Structures are given as C-alpha cells and as structure tokens.
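# Working through the structure, step by step
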Amino acid sequence: PAAHPDMRLKAAELVGEAPDRLSAARTLVEFVDTYVEDVPVVGVPNGLDVLRRGRGDCNEHTALYVSLARAARIPARIAAGVVYSDRVPGTSNLGAFYYHAWPEIRLGPDQDWIPVDPTFGQFPADATHVKLVEGDLDRQIEIMAYMGRLGFKVEDGPGTP
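Residues numbered from 1 in each chain as written. Predicted model: local features only at pLDDT ≥ 70, side-chain atom pairs only at ≥ 80, totals over all residues. Heavy atoms only, no water.

## A word on the overall build of the protein chain
What counts is decided by this rule: Strands are runs of DSSP state E lasting at least two residues, helices are runs of H or I lasting at least four, and both sets are numbered from the N terminus onward. Here, residues are in contact when the closest pair of their heavy atoms is within 4.5 Å. To measure how exposed things are, a 1.4 Å probe is used in the Shrake-Rupley method; for residues, cover is taken only from the protein chains shown.
Summing up its helical and strand segments, the protein chain has five helices and six strands in all. Going residue by residue from the N terminus, the α and β elements of the protein chain occur as α-α-β-α-β-α-β-β-β-β-α. A separation of at least 24 residues holds for 55% of the contacts in the protein chain among residues at least 6 apart in sequence. Only carbon and sulfur atoms are counted for the fraction: they give 53% of the accessible area of the protein chain, which is about 9300 Å².

This is the structure we're talking about:
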C-alpha cells in the first residue's frame, strides 16, 4: 500500500513541509492516533483500507502508520508483543499486559530502530512495550505460543532502597 497513489498523496500532505524525518515521524503518529477510530476489527489489516475506512485496533493503526511512513521514505516495520495498559476492559484500574502491535522506525541508516505507538499516541513508545516478534502477520502468529505463559516481575534497580 505504500506505493499506492492515495497513500503517497496523504503522506506528502501530512509531512511534505516537515524539516526532518523526526518531525515527519511524529506527525504521522499524531495523525494516525487521531484519525483511526479505536474499534476491534477482525481480519488482516491493510494500510490502504485503513486510510479509506479510518477504523481499527492496534493492527490497523500499525498498518496505516507503516504504509504512510514508507510512502514518506521513512524506514518502518511492524513489531508485536505485549503492552501494559489500564485500558483493558475488566481489569479495574490495575491494568494488565495484553497482545499489542506497534511500528518501529529508523531515522537514519546508522541509527537504531525506534518504537512508536500510534494506537496510544506515543512517540517514542513507552517502556511497557515488550517486543516478542517483528514482521508481518505471519510472524505475529508466533506470539500465540507465549500467550498465557508469560510472567513479569518488577525488580528494584541499582541503588533503590
């Protein structure tokens, strides 16, 4: 979808005046966060479909962001794993870890990949994102082997009383 004329046009409209990749990448997070209505969707996400419909969950947010970023010549890929959030229904105010997908971008050829999260409007994504795989849906299915078997333990860091 990144090569589709509609995707290229939207990317140019959003980031055509951005002074650098950092600003462009941030603008794309803000756009996708506000543009895509947060609703569960069943199916394989496609960035062009999401651009046209404006609805979806983390997979759709991620598909649209990656398509727009690539159309804007920002290297982007999909990461998936778990994230801690208090947005999970039925978890009270405590929150929980659950499946999540988000994009990663590179601002330069010698720079590390940076996680961003257009579903939560985070640039960069916070430390509660635990990546288990990177790649398209074929790789994300690998996560199912871990679900229900993951455990996390918070430990004090050096110098913590």
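Now that the structure has been shown, the text picks up again.
## Notes on the packing of helix α2 (residues 21-35) against helix α4 (residues 58-71)
Note the threshold: With axes taken as lines fitted to C-alpha atoms, and helix axes fitted only over the stretch in contact, angles between N-to-C directions fall between 0 and 180 degrees. By convention, the crossing between two helices is left-handed when the near helix turns anticlockwise from the far helix through less than a right angle, and right-handed when the turn is clockwise. Three residue categories are used. Nonpolar comprises Ala, Val, Leu, Ile, Met, Phe, Trp, Tyr, Cys and Pro, charged comprises Asp, Glu, Lys and Arg, and polar comprises the others, including Gly.
Contact geometry of α2 with α4 gives a least axis separation of 10 Å together with a crossing angle of 145 degrees. The element α2 and its partner α4 pack so that their crossing is right-handed. Residues Ala25, Leu28, Val29, Phe31, Val32 and Tyr35 of α2 form the contact with α4, whose own contacting residues are His61, Leu64, Tyr65, Leu68 and Ala69. Taken together, the residues of the contact of α2 with α4 break down into ten nonpolar, one polar and no charged.

## A closer look at the sheet that holds strand β3 (residues 76-85)
The condition that has to hold: Any two strands with at least two DSSP bridges between them are considered paired.
Taken in spatial order, the four strands of this open sheet run β5-β4-β3-β6, and their pairing is antiparallel. At either end of the open sheet lies a strand with only one pairing partner, and these are β5 (114-115) and β6 (129-134).

## Some thoughts on the packing of aromatic side chains
Applied cut-off: The criterion for an aromatic pair is that two Phe, Tyr or Trp rings (for Trp, the six-membered ring) have centres within 6.5 Å, with stacked assigned to planes under 30 degrees apart, edge-to-face to planes over 60 apart and tilted to the rest.
Taken as a whole and judged by the stated rule, the model has two aromatic pairs. With a centroid separation of 4.9 Å and 15 degrees between ring planes, the pair formed by Phe31 and Tyr35 is classed as stacked. You can see Phe31 and its partner Tyr35 sitting in helix α2, four residues apart, about one turn around the helix. Aromatic side chains Tyr84 and Phe97 sit 5.3 Å apart centroid to centroid with 65 degrees between the ring planes, which places their arrangement in the edge-to-face category. Here Phe97 lies in strand β4 (residues 96-105) and Tyr84 lies in strand β3, a separation of 13 residues in the sequence.

## Some words on the pairing of β3
Cut-off, in case you're wondering: Each residue is placed in one exposure class: buried if its accessible area under a 1.4 Å probe, protein chains only, is under 20% of its type's maximum, exposed if it is over 50%, and partly exposed if it falls in between.
The buried fraction of β3 amounts to nine of the ten residues, a majority that puts the element mostly inside the structure. Pairing geometry for β3 and β4, over ten bridges, is antiparallel. Looking across to β4, one finds that Gly81 is bridged to His100. When β3 meets β6, the two strands line up antiparallel, connected through five bridges. Bridging from a neighbouring strand, Val83 pairs with His129 of β6.

## Focus: the packing of helix α1 (residues 5-15) against α4
Defined as follows: Any angle that falls under 35 degrees is termed roughly parallel, while one over 145 is termed roughly antiparallel, one within 65 to 115 roughly perpendicular, and all others oblique.
Running from N to C, α1 and α4 point in directions that differ by 80 degrees, and their axes come no closer than 8 Å. Classified by the angle their axes make, α1 and α4 are roughly perpendicular. On α4, the residues touching Met7, Arg8, Lys10, Ala11 and Leu14 of α1 are Leu64, Ser67, Leu68 and Ala71. Each residue belonging to the contact of α1 with α4 can be placed in one class, and the counts come to six nonpolar, one polar and two charged.

## Describing the nonpolar core
Note on soluble globular proteins: their nonpolar side chains tend to be buried together. Stated formally: Among the buried residues, those of types Ala, Val, Leu, Ile, Met, Phe, Trp, Tyr and Cys that are joined through side-chain atoms within 4.5 Å form a nonpolar core.
Grouped together as the largest cluster of nonpolar side chains are 26 residues, with contacts concentrated most on Leu64, Tyr65, Leu68 and Ile105. Of all the secondary structure elements, the ones that give two or more residues to this core are α1, α2, α3 (47-53), α4 and β3. Aside from chain neighbours lying at most four places away, what touches Leu68 is Met7, Lys10, Ala11, Leu14, Leu28, Phe31 and Val32. Residues Ala80, Tyr99, Ala101 and Val133 belong to the second largest nonpolar core, which totals five residues.

In short, geometric facts, not functional conclusions.
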